[in-house]
There are 2 protein chains.
Amino acid sequence: MANFRPMDLASFYKCLSDPTRLRIVNLLLKGPLCVCQIQDILQEAQVKTSKHLGYMKKRELLVVKRKANWNFYELDPSLHPIARASMQAIEVHASEDPTFAADLERLQNSQDSDCC
Amino acid sequence: MANFRPMDLASFYKCLSDPTRLRIVNLLLKGPLCVCQIQDILQEAQVKTSKHLGYMKKRELLVVKRKANWNFYELDPSLHPIARASMQAIEVHASEDPTFAADLERLQNSQDSDCC
DNA sequence: TAGGAATATACGTCAATAGGAATATACCTT
DNA sequence: AAGGTATATTCCTATTGACGTATATTCCTA
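So, here is what we can say about the structure in this document. None of the values given here were measured: they were computed from a predicted structure.

### Focus on the overall build of chain A
Across its full length, chain A holds six helices and three strands. When the helices and strands of chain A are read in sequence order from the N terminus, they spell out α-α-β-α-α-β-β-α-α. Over its C-alpha atoms chain A spans a radius of gyration of 14 Å, differing by no more than 12% from the 13 Å that the globule rule assigns to 116 residues. A principal-axis box enclosing the C-alpha atoms of chain A has dimensions of 45 × 35 × 20 Å. Across the 116 residues in chain A, those meeting the buried criterion constitute 50%. Considering only intrachain contacts with a sequence separation of at least 6, the fraction spanning at least 24 residues in chain A is 60%.

Here it is in structure tokens:
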């Protein structure tokens, strides 16, 4: 969101307007993750996860870094303060939500995964 | 957003995912407004404004109070902290955006309007 | 009670979105 | 080079969303 215009802000909030994408954002708030980790944690179909990641990448909420065979996604570090504040609020309150909390727990357990 | 679930949160962010609705939220952050004031400030077609207000009311972001011939919309006072934080960030940064700023200026000038 | 002002709804159209199935691409390993 | 793993893309379908035109509803006032 280089230029702060309602248009861009709307585009940012569109990224947060889907449950699956919110779950992904909740995970990426903890740091970069590779696609297979995200898939494992969400327990959703590969194509579904991939397309939501592509959606957010296209709208510049996420950036991707390829390492060997794996794609690591992370939140764009240069987001507008409004975006940052919105996501920070999600992070602060994630434990109140069963889905977010369960995802974060699976994230913990996946640290010692053999995936990537 | 009585229950905090990604579903509800997604629904909330859907309300923020349209430029016109963002402009409305920006105005309502300053307090309740009647539809005619909102229409005057946005300078958009009546039906467009009305439908966006209906959209947000249906998703419980806004509540409406009828007074005589006029409908006053306001932000639901019992919103989840995540929603509050997101909107507060919008309020803090509104002056950075030409559209938001111009809308707020027209809001000032409309205080002495003969509308409602 | 008839007319007018304020606001919402119905209907039609077109674009965008979500999700699945199948397929393609990119890179690694043997 | 061949096969495997990781990930993206294409195609299809059903749903939702945005916006305009026309019309309905609600309430006030003369």
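### Topic: the protein's contact with DNA strand C
Taken together, 23 residues form the shell around DNA strand C, and within it K51(A), H52(A), C36(B), Q46(B) and Y73(B) come nearest. Taken together, the sugar and phosphate atoms account for 58% of what DNA strand C places within 4 Å of the protein. Here Y55(A) contributes a side-chain N or O atom positioned 3.3 Å from a phosphate oxygen of DNA strand C. In the model, a phosphate oxygen of DNA strand C is placed 3.0 Å from a nitrogen or oxygen of the S50(B) side chain. Looking at the surface near DNA strand C, the elements with two or more residues in it are α4 (46–58) of chain A together with α3 (35–42), α4 (46–58) and β3 (70–75) of chain B. Among the elements that line the surface near DNA strand C, the one with the most residues is α4(A), at five residues. Looking at the surface near DNA strand C residue by residue, the classes come out as nine nonpolar, six polar and eight charged.

### Digging into the pattern of salt bridges
Residues and elements named next belong to chain B. As enumerated under the stated definition, the model contains 12 salt bridges over all chains in all. In this structure, R23 engages D103 in a salt bridge whose closest nitrogen and oxygen atoms are separated by 2.8 Å. Placement of R23 in helix α2 (residues 19–28) and of D103 in helix α6 (residues 98–109) is noted, with a sequence separation of 80 residues between them. R23 sits in the buried class, given a relative accessible area of 10%.

### Here we look at the protein's contact with DNA strand D
The environment of DNA strand D is formed by 23 residues, the closest being C36(A), Q46(A), Y73(A), K51(B) and H52(B). For DNA strand D, the fraction of protein-proximal atoms (within 4 Å) that sit in sugar or phosphate groups is 56%. Within the backbone of N69(A), a nitrogen or oxygen atom sits 3.4 Å from a sugar or linking oxygen of DNA strand D. Separating a sugar or linking oxygen of DNA strand D from a side-chain N or O atom of N71(A) is a distance of 3.0 Å. Residue assignment for the surface near DNA strand D shows that the elements contributing at least two residues are α3 (35–42), α4 and β3 (70–75) of chain A together with α4 of chain B.

### Focus on the relation of the copies chain B and chain A
For the pair chain B and chain A, the relating rotation is 180°, the translation along its axis is 0.0 Å, and the fit reaches an RMSD of 0.0 Å. Expressed as a symmetry operation, the mapping of one chain copy onto the other fits a two-fold axis. Closest approach to the rotation axis within chain B is made by the C-alpha atom of S86(B), at a distance of 2.3 Å.

### A word on the nonpolar core
Y13(A), L61(A), I90(A), Y13(B), L61(B) and I90(B) are the most contacted members of the largest nonpolar core, which has 66 residues in total. Apart from the residues lying within four places of it in its own chain, the contact partners of I90(B) are L9(A), Y13(A), I82(A), L16(B), L22(B), L29(B) and F100(B).

Rules behind the numbers
- Residues numbered from 1 in each chain as written.
- Chains lettered and ligands numbered in written order.
- Predicted model: local features only at pLDDT ≥ 70, side-chain atom pairs only at ≥ 80, totals over all residues.
- Heavy atoms only, no water.
- Helix = DSSP H or I, 4+ residues; strand = E, 2+ residues; numbered from the N terminus.
- Rg over C-alpha atoms; globule rule 2.2 N^0.38 Å.
- Buried < 20%, exposed > 50% of the residue type's maximum accessible area, 1.4 Å probe, protein only.
- Contact = heavy atoms within 4.5 Å.
- Near = heavy atom within 4 Å.
- Polar contact = N/O pair within 3.5 Å; in protein donor to acceptor, adjacent residues only side chain to side chain.
- Nonpolar A, V, L, I, M, F, W, Y, C, P; charged D, E, K, R; others polar.
- Salt bridge = Lys/Arg side-chain N within 4 Å of Asp/Glu carboxyl O.
- Least-squares fit on C-alpha atoms with pLDDT ≥ 70 in both.
- Core = buried A, V, L, I, M, F, W, Y, C linked by side-chain atoms within 4.5 Å.

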